[in-house]
Every structure is written in structure tokens, then in C-alpha cells.
Amino acid sequence: MMIISSVSRRLFMAVISVAAALVPLCSAHAEMSAWADNEGGRMRLVALAPDAGGKIRAALQIEPKPGWITYWKEPGGNGIPPQVTIAAGSGVSLDTIGYPVPKHFFNGAIEDIAYDAPVTLPLSLTAAGKAPVAIDALAFIGICRDICIPFQANFQLKLGPAIQSHPEEEAILQAADARLPKPPSADFDVTAHAMSPDRKTLSLTLVLPGKGPGESPGAGKSAPDIIVTGPSGHAFTKQIGGKRDGASFKVDVAIGKLPENYDISGKRWGVLVIDGARAMETTLAFE
């Protein structure tokens, strides 16, 4: 079980203004910004022109240096999730951020859910109106090695007409989409879930895929990696008594301390399941 410490968040946020002052504005008149650099890595913004409905495909590319990590949307005890903010009044809004499949890192009692290699976060944006589009985005991430460094940069992109071809940007966005967890399917899904009356355990029943192409003979036989995301800042990963029977897997996930007076009724939690080379993400609705 992991709970993002509010103290850690405050310490992280306390130095944002200092970090921001050290990172210059990265602007461009194309579909790809210049790189913004930091001691632990670099990042940039990539985007395509809006389609006929005003939808913009974009992405935040992050490249940690060797030995550094950057975080997933619910990162663990000491991290902070990536944040992208679009300037108010710019005529562009952020709809969703996509998160490729992360890794689990353990260092004693410290558990992180993060990326230790270049990662691209797909962004879905919407442009209002048909005027020339300019994206004014502020990106903030945590990047860590022995210490965690807040990394903030402002990106500005003026998008060209949609009739132009941008193969490099399109390839980057396609590769990012390919790394996202897949939605539930007939052979990979959560088929049942139930919270215990004391809210200490979440029981899950899953159908899991068999061995995939390129996987070792033992793949798909052990317990999958399960990350349950509850209220903002809470992720739960400790499995209790998991049992695999063919494609079926039943397990309890330990639920740690929830916010005071938290009412789970009507809430929707997330769950990411990683089994061998495949990953699936879905939501759990609580009545």
C-alpha cells in the first residue's frame, strides 16, 4: 500500500517557484518545441494541428538521464504526478493525459511507480473556434535519483495547417499510444470486485491472458502486478492470498488508511493490471 505523503507534496511544491525561474520559455513555430533541460533529464511538447472537430493530438516527451526516474499518475510515497496546465484564455483546453505502463521500484520500504527510461505522455486537447491555434502549456514533473528535483517548463507552440504532413510528430504520437494500457477485453478483465465492510481489503476476480508472443514459458503463471488507485494521492499494491487457476485469478488487495470520513459509495476507482507483456486498465464502480 502506498499513500503519497502530504508533507512530501508540500516540500516538493515549495521549491517549484525556484525551479521555474531556472527553466526558460521553450517556444516554436512548428509542431515540436525545443527541449527544456534539467539536471535529471529533459522534456518537450509535441502536437499536431487540430482536426475538423478542433481535437488536437499532443504529447509531453520526458527523457530522464540514466539512473533517474520520473513518475506515473499515482507515483508512490515521495513522488508527485505529472501536471500539464494550459494557459487560461488561450482558446485551448486539456481533456485527458495518457500514462504508458509504468514500472514498480522498491528500495527498502520505499516503493515508487515510475519510469526509468524515455516516456511520452499522450495529451488530448480541444481548440475553440477556427482561428490559428497556439498552445501555451506549463508542464511540471518530479524527476528523482538520490533526491527529487521539481522540473517545470513553459512551452508555446503555434500549430500549422492540418493539410501539412508531419511524419516525425505522427510517429512519436503513434508510439506513445502503443505503450498505453489496453482497455478490458474478453481474455483480460476484472470480472468482480468487492470492498470488505471494514474497508481494509478489496477482493478482485480477474480473467488473465495466456503467454503472449516473445514471452518466456513461465510468463503468465505468477501473480500479475496490480495497482489500485483510489482517492487522489492513494495507490494500493499489496496482494493477499492470490490464487491463479488457469485464466482465473482471485486476490485481495490491502487497503490502507483512507481520507477521514471517506464515503466510497458512488465512487469510481482505477485499476492497472500488468501480466507478462500485457497491461490492462479499467475502473471499479462502487454502489
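This report concerns the structure included in the present document. (Residues numbered from 1 in each chain as written. Predicted model: local features only at pLDDT ≥ 70, side-chain atom pairs only at ≥ 80, totals over all residues. Heavy atoms only, no water.)

**Brief notes about the nonpolar core**
Residues Met43, Ile56, Leu60, Ile135 and Phe155 are the most contacted members of the largest nonpolar core, which totals 38 residues. No fewer than three residues from each of domain 1 (36-179) and domain 2 (189-286) sit in this core. When residues no more than four places from it in sequence are discounted, the contact partners of Ile135 are Leu45, Ala47, Ile56, Ile86, Leu125, Phe155, Gln156, Leu157 and Leu159. Of all hydrophobic cores here, the second largest spans 23 residues; its members include Leu206, Phe249, Val253 and Trp269. (Core = buried A, V, L, I, M, F, W, Y, C linked by side-chain atoms within 4.5 Å. Buried < 20%, exposed > 50% of the residue type's maximum accessible area, 1.4 Å probe, protein only. Domains from an automatic or database assignment. Contact = heavy atoms within 4.5 Å.)

**Some remarks on the pattern of salt bridges**
For side chains of opposite charge, pairing can occur when their charged atoms come near one another. Across all of its chains, the model carries 7 salt bridges by this definition. Put simply, Arg57 and Asp177 hold a salt bridge, and the shortest N to O gap is 3.4 Å. Separated by 120 residues along the polypeptide, Arg57 in strand β5 (residues 55-64) and Asp177 in helix α3 (residues 167-178) bring together distant segments of the chain. For Arg57, a relative accessible area of 36% puts it in the partly exposed group. A relative accessible area of 35% means that Asp177 is categorised as partly exposed. A salt bridge links Lys103 to Asp116; the nearest nitrogen and oxygen atoms lie 3.0 Å apart. With Lys103 in strand β9 (residues 103-107) and Asp116 in the loop between β10 (110-115) and β11 (119-127), this pair connects stretches of sequence that are 13 residues apart. (Salt bridge = Lys/Arg side-chain N within 4 Å of Asp/Glu carboxyl O. Helix = DSSP H or I, 4+ residues; strand = E, 2+ residues; numbered from the N terminus.)

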